[in-house]
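Descriptive analysis of the structure
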Amino acid sequence: MAPTHFTAIALAAAGFFSTGLLYADASADLKATVDRSMKAMGAENVKTLAISGQGWDGCVGQPYNPNTPWWRKFSNKDYVRSIDFEARGWRLQRIRGEGENPPRGGCGAGPIADQTQNLVVMAGATAPWNTQLEYIFLPEGFLRVALEKNASISPETIKGKKYTVISFMGDNKAPVNGYINEQGYVEKVETRIDNNVLGDTVWNAIYTDWKDFNGLKFPARIEQYQGPPKFFELAVTDVKVNVPVDLTPPAGRGGRGGPGGPGGRGGQPPSSLSEDLGDGFWLITGGYAAIVADFKDYIVVIEGPQNEMRAGQIIAEAKRLVPNKPIRYVVNTHAHFDHAGGLRTFVAEGATIITHQVNKGYYEKILKDPHTLVPDKLSQMNPQPRIKIETMTEKKVLTDGRHTIELYHVQGSTHNEGMIVAYLPKQKVLLEADEFNVGPANAPTPASVNPYHTNLLANIERLHLDVDRIIPVHLPGDGRKVTMAELYTAAGKSKP
Ligand SMILES: [Zn+2]
């Protein structure tokens, strides 16, 4: 055994010294590689860039149908992104409008009108990692951060093309890799991020169609992919170098910046409260609404929204209200991430998901996707619980003889193909998501009526539902009880 032991020590010692030498070389190589790339792109003295163009971006997890890419498309017109590399921030100006034809999907409850956006985003080392990535997903931004992060470099041949791959560890513990082609251009930057519905998600940016813009070599086409569908595309028409960039935040609200990462875990919602709806039913407030029903042998929860934190609050409140019964079912109104983001927590609880048939295969797949970057309760269970999904098409009734929940498909919804509303016949309560997101109380009929509202009303009339109270999953800010009279007014109809 002795010689082996000795050899191990000798190798370790040799390894130590050679690692030190390699490290010095690697660092010099990195600097040389970055310098060479910056020079090739004509970017050595670039302090600011103003990138103009047009394209589109996608709103995360809001498709009309879950089996299409998981984005709802927005057009980007008159797009100008002005980046200050030293301040590590940018101003984004664009006209963001309808990008779907026909207009369908979520991210706003109604057809999308053109919106002028003017916003400032700071992406320094203390910004959320996904915001920093929006800076890193610029060729020059990537190279600058690679230097700071002491990236490693390695040669790689992909489909016969030679690349120098620059790699560093992201703050979220996923490597960020940039592919420098033989000309010295950054061709692609790729990493993984966490998405609370999809888990570990690839996010990359691809730069093609390189052109000379005022002495700078810059891609005339930038595409970003997540998951992997494409969710951002920009046809670059002009790039100005070293023009002044004003990073003073615009007055008022500018909206969200950049193409945006996938839905986060959300901030800290207020703690759950509940309101008694009578006869074993409660409304859970304090975030996205849910309804808890005390069936004979188990609990039914309507809606598992947002994220693990919100779902945990709803579950805790359900168990407080109805002790010693399992949560057997969670009803899912639709597959948009803000309404499905808590389903994983309910699956971990042993609940069966009740959803529209259109979502079945999709949920069966994504509920098994790995969540290694940010493990949640479900991903850490061993063994993994069986994923139980019950589907419906037009109507499903849950009852124990005393308590009844009627579920109906919203026909003609342009928000989501598999939209479900829940009706409580005894309470005359209708829970709906996104089909009627109410504004301030006593609002008059708007000049242009939202077709979502007329469609919801048409469905209530078609189904002859006797509704005293509508509970929007997005509860009104003032906590008021929403009545049918409000829906009639919003839909521009008079109550019969
Ligand atoms: Zn929605």
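All values derive from a computational prediction rather than experimental measurement.

Structural notes on the overall build of the chain
- Assigned secondary structure in the chain consists of 9 helices and 23 strands.
- With the C-alpha coordinates aligned to their principal axes, the bounding extent of the chain is approximately 80 × 70 × 40 Å.
- Counting over 496 residues, the chain shows a buried share of 52%.
- Looking at the chain alone, contacts between residues at least 24 apart form 62% of all its contacts between residues at least 6 apart.
- Of the roughly 21,900 Å² of accessible surface on the chain, a fraction of 55% belongs to carbon and sulfur atoms.
- Both charge centroids of the chain, one from 53 positive and one from 53 negative side chains, sit 2 Å from each other.

Considerations on the side chain of Ser167
- The topology assignment puts Ser167 in strand 6 (residues 161-169).
- A distance of 2.6 Å separates the side chain of Ser167 from the side chain of Asn177, its partner in a polar contact.
- Residues within four places of Ser167 in sequence aside, it is in contact with Ala151, Ser152, Pro175, Val176 and Asn177.

Re the coordination of the zinc ion
- Coordination sphere of the zinc ion, protein contribution only: His334 (NE2), His336 (ND1), His415 (NE2) and Asp434 (OD), at 2.0 to 2.2 Å.
- Of note, the zinc ion draws all its donor residues from one chain, in the sequence arrangement H-x1-H-x78-H-x18-D. You can see His334 sitting in the loop between strand 16 (327-331) and helix 5 (337-340) and its partner Asp434 sitting in the loop between strand 22 (429-432) and helix 8 (451-462), a full 100 residues away along the chain.
- Exposure remark for His334: the relative accessible area of 0% places this residue in the buried category.

Some remarks on empty space enclosed by the protein
- Inspection of every chain in the model, using the stated rule, returns 4 cavities of 30 Å³ or more.
- In this structure, the largest cavity occupies an estimated 70 Å³ of space.
- Lining the largest cavity are Ile51, Tyr79, Arg81, Phe137, Leu138, Ile222, Gln224, Phe232 and Leu234.
- When contributions to the lining of the largest cavity are tallied by element, the ones reaching two or more residues are strand 2 (71-84), strand 10 (216-226) and strand 11 (230-241).
- Taken together, the residues of the lining of the largest cavity sort by class into 7 nonpolar, 1 polar and 1 charged.
- Of the pockets and cavities examined, the second largest cavity occupies roughly 60 Å³.
- As for the second largest cavity, its lining consists of Asn196, Val197, Ala340, Gly341, Leu343, Arg344, Tyr363, Ile366 and Leu367.
- If you list the elements that add at least two residues to the lining of the second largest cavity, you get helix 6 (343-348) and helix 7 (360-366).
- Split into classes, the residues belonging to the lining of the second largest cavity amount to 6 nonpolar, 2 polar and 1 charged.

Remarks on the pattern of salt bridges
- If you walk through the whole model with that rule in mind, you get 32 salt bridges.
- The partner of Lys426 in a salt bridge is Asp279, with the nearest N and O atoms 3.2 Å apart. Pair noted here: Lys426 is in the loop between strand 21 (420-424) and strand 22 and Asp279 is in the loop between strand 12 (273-276) and strand 13 (281-285), with a separation of 147 residues, a long-range link.
- On the accessibility criterion, Lys426 (58% relative accessible area) is exposed.
- Among the salt bridges present, the one from Lys365 reaches Asp369, with a minimum N-O distance of 3.3 Å.
- Among the residues examined, Lys365 registers a relative accessible area of 52% and is labelled exposed.

A word on the domain arrangement of the chain
- Here the domain parsing of the chain yields domain 1 (30-241) and domain 2 (273-490).
- Each of domain 1 and domain 2 was reduced to a C-alpha centroid, and the two centroids are 35 Å apart.
- Contact with domain 1, which involves 29 residues of that partner, is made by 28 residues of domain 2.
- When the two sides are added together, the surface that domain 1 and domain 2 hide from each other amounts to roughly 2,200 Å², 55% of it contributed by carbon and sulfur.
- On the domain 1 side of the interface with domain 2, the three residues burying the most area are Tyr64, Pro66 and Val197, jointly 27% of the side's total.
- Between domain 1 and domain 2 we count 0 salt bridges in total.
- Counting across the interface, domain 1 meets domain 2 through 16 residue pairs in polar contact (both at pLDDT 80 or more).
- When contributions to the side of domain 1 that touches domain 2 are tallied by element, the ones reaching two or more residues are strand 8 (186-195) and strand 9 (199-213).

Cut-offs applied
Residues numbered from 1 in each chain as written. Predicted model: local features only at pLDDT ≥ 70, side-chain atom pairs only at ≥ 80, totals over all residues. Heavy atoms only, no water. Helix = DSSP H or I, 4+ residues; strand = E, 2+ residues; numbered from the N terminus. Buried < 20%, exposed > 50% of the residue type's maximum accessible area, 1.4 Å probe, protein only. Contact = heavy atoms within 4.5 Å. Areas by Shrake-Rupley, 256 points an atom, 1.4 Å probe, with all protein chains shown as cover. Lys, Arg positive; Asp, Glu negative; His and termini not counted. Charge placed at Lys NZ, Arg CZ, Asp CG, Glu CD. Polar contact = N/O pair within 3.5 Å; in protein donor to acceptor, adjacent residues only side chain to side chain. Donors = N, O, S within 2.8 Å, 3.2 Å for Na, K, Ca; no water. 1 Å grid on protein atoms, 1.4 Å probe; cavity = no way out; pocket = protein on both sides within 12 Å on 5 of 7 lines; lining within 4 Å. Points joined across faces, edges and corners; volume = space filled by probe spheres on them. Nonpolar A, V, L, I, M, F, W, Y, C, P; charged D, E, K, R; others polar. Salt bridge = Lys/Arg side-chain N within 4 Å of Asp/Glu carboxyl O. Domains from an automatic or database assignment. Buried area = accessible area lost by both parts, 1.4 Å probe.

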